[in-house]
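Structural characterization, general
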Amino acid sequence: MINKLVDKIKKTNAPIVVGLDPMLSYVPEFIQKKAFAEFGETPEGAAEAIWQFNKAIVDATYDLIPAVKPQIAMYEQFGIEGMKAYQKTVDYCHEKDLVVIGDIKRGDIGSTSAAYAVGHLGKVQIGSKSYATFNEDFATVNPYLGTDGIKPFVDVCKEEKKGIFILVKTSNPSSGEFQDRVIDGRPLYEWVGEKVAEWGADCMGDSYSYVGAVVGATYPEMGKVLRKVMPKSFILVPGYGAQGGKGADLVHFFNEDGLGAIVNSSRGIIAAYKQDKYKEMGITEENFADASRAAVKDMVADISGALASR
Ligand SMILES: O=c1ccn([C@@H]2O[C@H](COP(=O)(O)O)[C@@H](O)[C@H]2O)c(=O)[nH]1
């Protein structure tokens, strides 16, 4: 799957991923009204609204992008109905040939991690049959439990040719509370980055490992260091747009080959229609997905421009 991701990035010339984080407040009123008329103001109604919202955004952008990153929390808050919308979204993105990165941030003791890995990336055995249940292509994983928590994911990835992105330096303001703590002369995120390189060493695709890392766009200097610590790991870079990250901050997350990183934007794309910039182009709630398409093009131009002038 890492080869497919790299190929799709090359074909689209777009090292970006659209984050499908459909908070209800981003879903235009006409979609909410229709869903509520059919299913009531219920978790089922909310799930229908977010699914219709996602579908419109995917339809408007899939030809421009290599991948999507549904954030499971935004679905899980609506219980089972929300999880059905998550599944429908994953399946629909596969129909559109997009690489799906499940932002699930799992990680537990070995046996529990194995169940998460099987459920999201592998196949669960039921009697004589096996089922790919959630069936994402990549998942985000929390390394706090150490090798026991990571190995079951790596094992499933090897079997299924899928991949993971391990949290190394997250984009949020308080990420330094633990991640920047200096241990034996080096910050914790560097130790984790080194482990990511080690875990991924025998998990190589054609040019990159399918054991990747998450490093926030909001910490460009740390990104520069981590790029060197993990030269073969693909980096998933959240924090662009709504959290303040810009193309110019990101050049050092990429290798000299112009590859090695994929930048996520969620609110900046799915809720673009709320921004003055796109309203001024005549975009309204009714054609919200056109704003998402324009925002994808703007993001690609920003990042490509920065990479071209480095
Ligand atoms: O360090 C991290 C890890 C994950 N995320 C997730 O990415 C998106 C960001 O959304 P925006 O709307 O583009 O800010 C969201 O799903 C986060 O949970 C992150 O932001 N930082």
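Residues numbered from 1 in each chain as written. Predicted model: local features only at pLDDT ≥ 70, side-chain atom pairs only at ≥ 80, totals over all residues.

Some words on the overall build of the chain
Regarding its fold elements, the chain presents 13 helices and 12 strands. Here the C-alpha atoms of the chain give a radius of gyration of 19 Å, agreeing with the 19 Å that 2.2 N^0.38 yields for 310 residues. Each principal axis of the C-alpha distribution contributes one length, and for the chain these read about 60 × 55 × 35 Å. A total of 310 residues make up the chain; the buried ones form 50% of that total. (Helix = DSSP H or I, 4+ residues; strand = E, 2+ residues; numbered from the N terminus. Rg over C-alpha atoms; globule rule 2.2 N^0.38 Å. Buried ≥ 20, exposed ≤ 12 C-beta atoms within 10 Å, placed from the backbone.)

Observations regarding the pairing of strand 6 (residues 138-141)
The alternating pattern of strand 6 places Phe 138 and Thr 140 on one face and Ala 139 and Val 141 on the opposite face, and all of these are buried. Summarising the sheet, strand 6 and strand 7 (residues 163-169) pair through 4 bridges and their orientation is parallel. Of the residues in strand 7, the one forming a bridge with Ala 139 is Ile 164. Between the parallel elements strand 6 and strand 7, the chain passes through helix 7 (residues 147-160) in a crossover that is right-handed. (Pairing = 2+ DSSP bridges. Right-handed = clockwise from strand over helix to strand, strands pointing away.)

Quick notes on the site of the ligand
Looking at the ligand, there are 19 residues lining it, with Gln 71, Thr 170, Pro 238, Ser 266 and Arg 267 nearest. Looking at the shell around the ligand, the elements with two or more residues in it are strand 12 (261-265) and helix 11 (267-270). Looking at the shell around the ligand, its residues break down into 3 nonpolar, 13 polar and 3 charged. (Near = placed C-beta within 6 Å. Nonpolar A, V, L, I, M, F, W, Y, C, P; charged D, E, K, R; others polar.)

Considerations on helix 1 (residues 2-12)
For helix 1, the complete set of buried residues consists of Ile 2, Leu 5, Val 6 and Ile 9. Relative to the axis of helix 1, the buried residues are bounded by an arc of 95 degrees and lie together on one face. The first or second residue beyond helix 1 is Asn 13, which carries a positive phi of 55 degrees. (Arc of directions from axis to C-beta.)

Some points on the UniProt feature "active site" (unreviewed entry) in the chain
When the UniProt feature table is mapped onto this chain, "active site" (unreviewed entry) is found at Lys 105. Summarising the element assignment, Lys 105 is placed in strand 3 (residues 99-106). Beyond its immediate stretch of four places on either side in the chain, Lys 105 contacts Thr 140, Asn 142 and Leu 167. (UniProt positions renumbered as here; feature names shortened; annotations may be inferred. Contact = placed C-beta atoms within 7 Å.)

Observations regarding the packing of helix 3 (residues 43-61) against helix 13 (residues 288-308)
With their axes 8 Å apart at the nearest point, helix 3 and helix 13 run at an angle of 45 degrees to one another. Classified by the interaxial angle, the pair formed by helix 3 and helix 13 is oblique. Here the hand of the crossing between helix 3 and helix 13 comes out right-handed. Between helix 3 and helix 13, the residues in contact are Ala 56, Ile 57, Asp 59, Ala 60 and Thr 61 and Ala 289, Asp 290, Ser 292, Arg 293 and Val 296, respectively. Tallied by class, residues from the contact of helix 3 with helix 13 come to 5 nonpolar, 2 polar and 3 charged. (Axes fitted to C-alpha atoms, helices over the stretch in contact; angles between N-to-C directions. Parallel < 35°, antiparallel > 145°, perpendicular 65-115°, else oblique. Left-handed = near helix turned anticlockwise from the far one by under 90°.)

A look at the nonpolar core
Ile 166, Val 168, Ala 213, Val 237 and Ile 262 are the most contacted members of the largest nonpolar core, which has 96 residues in total. With 9 residues, helix 3 is the largest single contributor of residues to this core. (Core = buried A, V, L, I, M, F, W, Y, C linked by C-beta atoms within 7 Å.)

Concerning the UniProt feature "domain: Orotidine 5'-phosphate decarboxylase" (unreviewed entry) in the chain
When the UniProt feature table is mapped to this numbering, "domain: Orotidine 5'-phosphate decarboxylase" (unreviewed entry) covers residues 15-281. Summarising residues 15-281: 42% helix, 21% strand, and an end-to-end C-alpha distance of 25 Å.

Examining unusual backbone geometry
Despite not being glycine, Lys 105 has its phi angle at roughly 40 degrees, a positive value. Judged by the 16 C-beta atoms lying within 10 Å of it, Lys 105 is partly exposed.

A look at the pairing of strand 10 (residues 209-215)
The two faces of a sheet get side chains in turn, since along a regular strand they alternate between them. Across the 7 residues that make up strand 10, a large majority, 7, are buried. By the alternation rule, side chains of strand 10 split into Ser 209, Val 211, Ala 213 and Val 215 and Tyr 210, Gly 212 and Val 214, which are all buried. Pairing of strand 10 with strand 11 (residues 233-237) involves 3 bridges; the strand directions are parallel. Its bridge partner lying in strand 11, Ser 209 is registered against Ser 233.

Concerning the environment of Ser 25
By secondary structure assignment, the location of Ser 25 is in the loop between strand 1 (16-20) and helix 2 (29-39). Using a count of 8 C-beta atoms within 10 Å as the deciding quantity, one classes Ser 25 as exposed. C-alpha of Ser 25 to C-alpha of Glu 76: the two residues are 51 residues apart in sequence and 16 Å apart in space.

Description of the packing of helix 3 against helix 5 (residues 79-95)
Following both chains from N to C, one finds helix 3 and helix 5 inclined at 15 degrees, their axes separated by 8 Å at the closest point. When the axes of helix 3 and helix 5 are compared, the pair comes out roughly parallel. The chirality of how helix 3 crosses helix 5 is right-handed. Residues Pro 43, Glu 44, Ala 47, Ile 50, Trp 51, Asn 54, Lys 55 and Val 58 of helix 3 pack against Gly 79, Glu 81, Gly 82, Lys 84, Ala 85, Lys 88, Thr 89, Tyr 92 and Cys 93 of helix 5. Counted by class, the contact of helix 3 with helix 5 contains 8 nonpolar, 4 polar and 5 charged residues.

Focus: the confidence of the model for the chain
Summary statistics for the chain give a mean pLDDT of 97 and a share of 100% for residues scoring 70 or more. Model confidence for the complex: the whole-complex pTM is 0.97, and ipTM, which rates the interface, is 0.99. (pLDDT = per-residue confidence, 0-100.)

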